[in-house]
Amino acid sequence: NIGTPGNSIDAITQATRYVLWLNNDKVVVYDRATSNMAGLFKRWNLTLITNPAINGKSATETLPSGQQLFVQSLLPLSSTITARNVVGDLTTIAELETAQFVMTIQDPSNPTDTRFLNVLQGADAGAAMVPAAYVQSTSGTPFDGAMFGSTAVYFPANAASSSVATALPAPAGVHTVMVAGLAANGSYGATIAGNTITITSGGGSTADAAGVLRLTF
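None of the values given here were measured: they were computed from a predicted structure.

Trainee: How should the overall build of the protein chain be read in this particular structure?
Mentor: For the protein chain, the count of helices and strands is zero helices and 19 strands. Taken over C-alpha atoms, the radius of gyration comes to 19 Å for the protein chain, in line with the 17 Å a tight globule of 217 residues would show. Taken along its principal axes, the extent of the C-alpha atoms in the protein chain is 55 × 50 × 30 Å. Taking all 217 residues of the protein chain together, 42% fall into the buried category. A separation threshold of at least 6 residues defines the contact pool for the protein chain, and within that pool the share at least 24 residues apart is 60%. The centroid of the 9 positive side-chain charges in the protein chain is displaced by 7 Å from the centroid of its 12 negative side-chain charges.

Shown next as structure tokens:
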């Protein structure tokens with residue numbers, strides 16, 4: 001019954017992705033997933049070469065060379081992480097394919113509306129994971145974000161609107177803030193007061209061609 005209206009593609013009303021790559025071996029991925037009925041799973045999958053070690057909301061893949069990939073799940077807040085070998089699946093792995101494991105992040109309650117926020121970090125053998133924490137706007141246009149080291153990145157929780165007015169936390173120790181999902185080459189006002197950054201449409205700061213506003217302080 002794969003083609004019946006009750007489980008057709010029309011049930012998915014939103015599926016969007018932002019990928020923000022930072023030059024220091026970190027990638028932040030933010031996904032929105034919405035359906036018009038309850039009970040439909042929404043999963044974030046990542047294909048890996050080795051079986052990752054899962055510890056709560058984080059997973060570590062270690063290659064035979066010792067190189068590591070850290071994955072930290074910040075959203076959904078109630079997510080679970082699992083991994084399995086997919087060689088025995090009906091769709092077989094291609095000959096000589098080295099990536100044979102799939103890691104899955106999912107909210108087991110299968111809500112109609114969910115967000116995935118994941119921080120990926122590549123690291124040399126023996127290097128430590130940089131802990132990431134979930135942060136969100138405190139007022140105005142809702143944004144979800146991740147903070148790690150001296151950097152915080154934010155993404156709009158809902159589809160981009162023509163105007164933005166939001167207050168974003170800039171905790172102590174953060175000196176670079178990147179705000180994604182804005183208008184390409186758009187102008188924005190940015191003011192910093194204490195540990196809060198206020199972003200408004202129109203002003204002297206300019207987002208890049210990908211709609212990312214970068215602030216340093």
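Trainee: Sorry if this is basic, but what is going on with unusual backbone geometry here?
Mentor: Between Leu 75 and Pro 76 the backbone carries a cis peptide bond, its omega angle lying at 0°. Mapping Pro 76 onto the fold places it in the loop between strand E6 (68–75) and strand E7 (80–85). The phi dihedral of Asp 25 is positive, around 65°, even though this residue is not glycine. Backbone geometry at Asn 110 places phi at a positive 50°, although glycine is not the residue there.

Trainee: I tried to follow the pattern of salt bridges on my own but got confused; where do I start?
Mentor: Opposite charge on two side chains lets them pair, provided their charged atoms get close. Applying the stated rule across the entire model yields two salt bridges. A salt bridge links Arg 17 to Asp 31, with the shortest nitrogen-to-oxygen separation between them at 2.6 Å. With Arg 17 in strand E1 (residues 12–22) and Asp 31 in strand E2 (residues 26–35), this pair connects stretches of sequence that are 14 residues apart. On the basis of relative accessibility, which here comes to 52%, the residue Arg 17 falls in the exposed class. As a salt-bridge pair, Arg 115 and Asp 113 come within 2.9 Å of each other at their nearest N and O atoms. You can call Arg 115 buried: its relative accessible area is 11%. By relative accessible area, Asp 113 is classed as partly exposed at 39%.

Trainee: How do you make sense of the environment of Val 153 when you look at a structure like this?
Mentor: The topology assignment puts Val 153 in strand E13 (residues 151–156). With 50 residues separating them in the primary sequence, Val 153 and Met 103 have C-alpha atoms 24 Å apart. Excluding residues within four positions of it along the chain, Val 153 makes contact with Leu 20, Val 28, Asp 144, Gly 145, Ala 146, Phe 148 and Met 178.

Trainee: Teacher, can you tell me more about the sheet that holds strand E11 (residues 139–140) here?
Mentor: Across a sheet, paired strands are connected by hydrogen bonds in the backbone, their directions being either parallel or antiparallel. With respect to topology, five strands assemble into an open sheet ordered E11-E14-E17-E16-E18, the strand pairing being antiparallel. On the outer flanks of this sheet lie E11 and strand E18 (205–206), each paired with one strand and no other. The sheet contact formed by strand E16 (residues 187–193) and strand E17 (residues 196–201) spans six bridges and is antiparallel. Along E17, the bridge assignment pairs Thr 191 with Thr 198.

Trainee: Please explain the sheet that holds E1 as it appears in this structure.
Mentor: The strand order across the open sheet formed by six strands is E1-E2-E9-E6-E5-E4, and the pairing between neighbours is antiparallel. In this open sheet, the two edge strands, each paired with only one partner strand, are E1 and strand E4 (53–55). Geometrically, the sheet is characterised by an average inter-axis angle of 15° between neighbouring strands, direction not taken into account. Two elements, E1 and E2, share ten bridges in a ladder whose sense is antiparallel. Each residue of the ladder has a partner; that of Val 19, found in E2, is Val 29.

Trainee: Mind showing me how you'd approach the packing of aromatic side chains here?
Mentor: Think of a pair of aromatic rings as described by two things: how far the centres are apart, and how the planes are tilted against each other in angle. The final tally for this structure, using the stated rule, is three aromatic pairs. With centroids separated by 6.4 Å and ring planes inclined at 35°, the aromatic side chains of Tyr 18 and Tyr 30 adopt a geometry described as tilted. A residue pair is termed long-range when its members are at least 10 positions apart, and Tyr 18 in strand E1 and Tyr 30 in strand E2 qualify at twelve residues. Here Tyr 30 falls in the buried class, since its relative accessible area comes to 0%. Taking 5.8 Å as the distance between ring centres and 40° as the angle between the ring planes, the aromatic pair formed by Tyr 18 and Phe 155 counts as tilted. With Tyr 18 in strand E1 and Phe 155 in strand E13, the pair connects residues that are 137 residues apart, well separated along the chain. An aromatic cluster is defined as three or more aromatic residues linked by ring pairs; in this entry it consists of Tyr 18, Tyr 30 and Phe 155. Note that Arg 43 overlies the ring of Phe 41, its terminal NZ or CZ placed 3.8 Å from the centroid.

Reading the values: the criteria
- Numbering of residues starts from 1 in each chain and follows the order in which that chain's sequence is written.
- Local features in this predicted model are restricted to residues whose pLDDT is 70 or higher, and side-chain atom pairs enter the listing and the counts only when it is 80 or higher, whereas totals over whole chains, interfaces and linings include all residues.
- Calculated side-chain values reflect all of the structure's heavy atoms, with hydrogen atoms and water omitted.
- Numbering of helices and strands starts at the N terminus; helices are DSSP runs of H or I of at least 4 residues and strands are runs of E of at least 2.
- Only C-alpha atoms enter the radius of gyration; for comparison, a globular chain is expected to reach 2.2 Å times N to the power 0.38, where N is the number of residues.
- Burial classes follow relative accessibility: with a 1.4 Å probe on protein chains only, a residue under 20% of its type's maximum area counts as buried, one over 50% as exposed, and anything between as partly exposed.
- In this description, contact between two residues means that some pair of their heavy atoms is separated by no more than 4.5 Å.
- The charge count treats Lys and Arg as positive and Asp and Glu as negative. His and the chain ends do not count.
- Just so you know, the charge point we use is NZ for Lys, CZ for Arg, CG for Asp and CD for Glu.
- Any carboxyl oxygen of Asp or Glu that lies within 4 Å of a side-chain nitrogen of Lys or Arg is treated as forming a salt bridge with it.
- At least two DSSP bridges between two strands are required for those strands to pair.
- Between N-to-C directions, angles cover 0 to 180 degrees, with each direction set by a line fitted to C-alpha atoms, over the stretch in contact for helices.
- Working definition: a ring pair exists when centres of Phe, Tyr or Trp rings (six-membered ring for Trp) sit within 6.5 Å. Plane angles under 30 degrees give stacked, over 60 give edge-to-face, the rest tilted.
- In this scheme, Lys NZ or Arg CZ marks a charge over a ring once it lies within 6 Å of the ring centre and within 35 degrees of the ring normal.

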